[in-house]
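Architecture at a glance
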Amino acid sequence: MGIAEWVAPRRLGRDFRWLFASSLTSNIGDGIALAAAPLLIASMTDSPILVASGAVMQFLPWLLFGLHAGAIADRVDRRILIVVANGIRALVLIGLCVFLITGLASIWMVLIVAFLYGTAEVFVDTTSSTLLPMMVRKSDLGIGNARLQAGFLVANQLGGPPLGAFLFAIGSFWPFAVQGLCVALAIVLISRITATKRVEPVDAARERTAVHADILSGIRWLWCNPPVRTLVIIILTFNVTWAAPWGVLVLYATDYLQMGPVGYGALTTASAIGGLAATLLFGRLERRFSFAALMRVCLTAEVLMHLAFALTTSGVVAFVIMIAFGAYAFVWATISTTVRQRLVPHELQGRIASVNMVGVFGGLVIGQALGGVIAQVWGPTGPWWFAFVGAALTLLLVWRPITHIAAAPPVIEDDENEAVPAG
């Protein structure tokens, strides 16, 4: 089996290969910005509040526009929506480069650019998450999601950040110029996809429906579907507990473990290494174990990881724990996404995905706020103990419902809407 066949199996079709290539390219650009954007902001201001505001600009658009993005994605040709949103991202980056080259850029301008870029990214990411179920059979969703997750790890977590730091050292505008080229290439690649149009005719009455009405109908569907509803609640809760220590990880690594800046960087990279290792095993795990068993193992590992971080005083041990975290987090993300996509009708994929993502980012905001307060009062290990107790209690409550989530029958689409790979 060749590398191309392993990365994007032929049975997934041509459209999946275009989607994978577009996702990989876009994630390289986002990975570049992951390192370059904080460096740019830090070069313009010494204010911790303004530096932190750069991170807030990544979360705020999701909370403001996430649900609207999902509703709009369910109304229009999803490929066109991604192309338009990516086009806006490219224009924003071009504007930033012009201001940087001319020396007119200010910290406030950079924060505005971050917000505009993040808003367009909400529409790109929400809509992109709806495409896979339209391209491949439900039995292939697991391997399709695994490959997309692997591309994200390689491009966004491993390859992009070092490249972004290197380009910033050459010139402040270079990372964002290259990021713009990546976004432009992603537009070309996504435009080659064919299976993106609305999966059912939209009658005149539906066309007149307000966006907020579509959002409410999606939320009602979610509330009346216990497996998907419980899955979204699990993800929200575990993101709160996970984000509490993660928000102060830099202090935990540099001050408590005495790892220094380089050690902290290595610690954050370790999770990507674990995730890549899991990509080699996911197909085998999917064939040999039930999703329910794998979900329980992943959530149990999450609980134990928090406990291990709370107890260890060794940077080496923390590095090993983080590799394990990356491995099971990759498996969990792949399975949870696959299960949700199997259970949600095509015409609701955008809205349910957006509710899930709003829950993810809402959990991150809540968790990081709690983590800062807890660390201030109880020290750098306090958030890990909070996460351990919170995750353990949540796991006890959802242990049995996980069976119903994983075993819920996939939604049956009409024949005309059934996803069949092209090629």
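Structural data are supplied above this passage.
We now turn to the structure provided with this report.

Rules and cut-offs
- Residues numbered from 1 in each chain as written.
- Predicted model: local features only at pLDDT ≥ 70, side-chain atom pairs only at ≥ 80, totals over all residues.
- Heavy atoms only, no water.
- Helix = DSSP H or I, 4+ residues; strand = E, 2+ residues; numbered from the N terminus.
- Rg over C-alpha atoms; globule rule 2.2 N^0.38 Å.
- Buried < 20%, exposed > 50% of the residue type's maximum accessible area, 1.4 Å probe, protein only.
- Contact = heavy atoms within 4.5 Å.
- Areas by Shrake-Rupley, 256 points an atom, 1.4 Å probe, with all protein chains shown as cover.
- Expected span 1.5 Å × (residues − 1).
- Bend = angle between axes of the 7 residues up to and from the residue.
- Core = buried A, V, L, I, M, F, W, Y, C linked by side-chain atoms within 4.5 Å.
- Patch = residues over 30% accessible without salt bridge, like charges linked within 9 Å, V, L, I, M, F, W, Y side chains within 5 Å.
- Salt bridge = Lys/Arg side-chain N within 4 Å of Asp/Glu carboxyl O.
- Phe/Tyr/Trp six-rings, centres within 6.5 Å; stacked < 30°, edge-to-face > 60°.
- Lys NZ or Arg CZ within 6 Å of the ring centre and 35° of its normal.

Next up on the list: the overall build of the protein. Across its full length, the protein holds 18 helices and zero strands. For 423 residues, the compact-globule formula gives about 22 Å, and the C-alpha radius of gyration of the protein, at 21 Å, lands near that figure. Here the C-alpha coordinates of the protein stretch approximately 60 × 55 × 50 Å along the principal axes. Burial status across the protein gives 51% buried among its 423 residues. In the protein, 87% of the contacts between residues at least 6 apart in sequence involve partners at least 24 apart. A total of about 18900 Å² of accessible surface is found on the protein, and carbon and sulfur atoms cover 70% of it.

Here the focus is helix H7 (residues 141–170). Taking 1.5 Å per residue, 30 residues should reach 44 Å; H7 reaches 41 Å between its end C-alpha atoms and fits that length. Along H7, the sharpest change in direction is near 50° and occurs at Gly 160; proline Pro 161 comes one to four residues later.

A few words now on the nonpolar core. Formed by 79 residues in total, the largest nonpolar core has its most connected members in Ile 234, Leu 299, Phe 309, Trp 332 and Ile 335. In terms of residue count, helix H15 (residues 315–343) provides more of this core than any other element does, 11 residues in total. Contacts of Ile 335, omitting those with residues within four sequence positions, involve Phe 282, Phe 291, Leu 294 and Met 295. The next biggest cluster of nonpolar side chains, apart from the first, holds 19 residues, and it includes Ile 41, Val 92, Cys 97 and Leu 100.

The next subject is a nonpolar patch on the surface. A cluster of nonpolar residues, Ile 28, Leu 163, Phe 166, Ile 170 and Trp 174, forms a patch on the protein surface that exposes about 470 Å² of accessible area. Counting residues per element, the nonpolar patch draws most heavily on H7, at three residues. Structurally, Leu 163 is set in helix H7.

Under the defined criterion, the tally for this structure stands at seven salt bridges. Across the salt bridge formed by Arg 11 and Asp 140, the nearest N and O atoms sit 3.0 Å from each other. Of this pair, Arg 11 sits in the loop between helix H1 (3–7) and helix H2 (13–44) while Asp 140 sits in the loop between helix H6 (132–135) and H7, and the two are 129 residues apart along the sequence. Residue Arg 11 is classed as partly exposed on the basis of its relative accessible area of 47%. Given the relative accessible area of 7%, Asp 140 is considered buried. Asp 74 is the salt-bridge partner of Arg 78, the closest N and O atoms lying 2.7 Å from each other. Each member of the pair, Arg 78 as well as Asp 74, is classed as buried.

Bringing the packing of aromatic side chains into the picture now. Per the stated rule, a full pass over the model turns up 14 aromatic pairs. Their ring planes at 90° and their centres at 5.6 Å tell us that Phe 325 and Tyr 328 sit as a pair that is edge-to-face. Within this pair, Phe 325 and its partner Tyr 328 are both found in helix H15, separated by three residues, close to a single helical turn. With respect to class, Phe 325 is no different from Tyr 328; both count as buried. Through a chain of ring-to-ring contacts, three or more aromatic side chains come together here, namely Trp 242, Trp 246, Phe 325 and Tyr 328. Its guanidinium or amino end placed over the ring of Trp 223, Arg 229 lies 4.9 Å from that ring's centre, counting from NZ or CZ.

Honestly, that's just the spatial picture; any functional story needs more than this.
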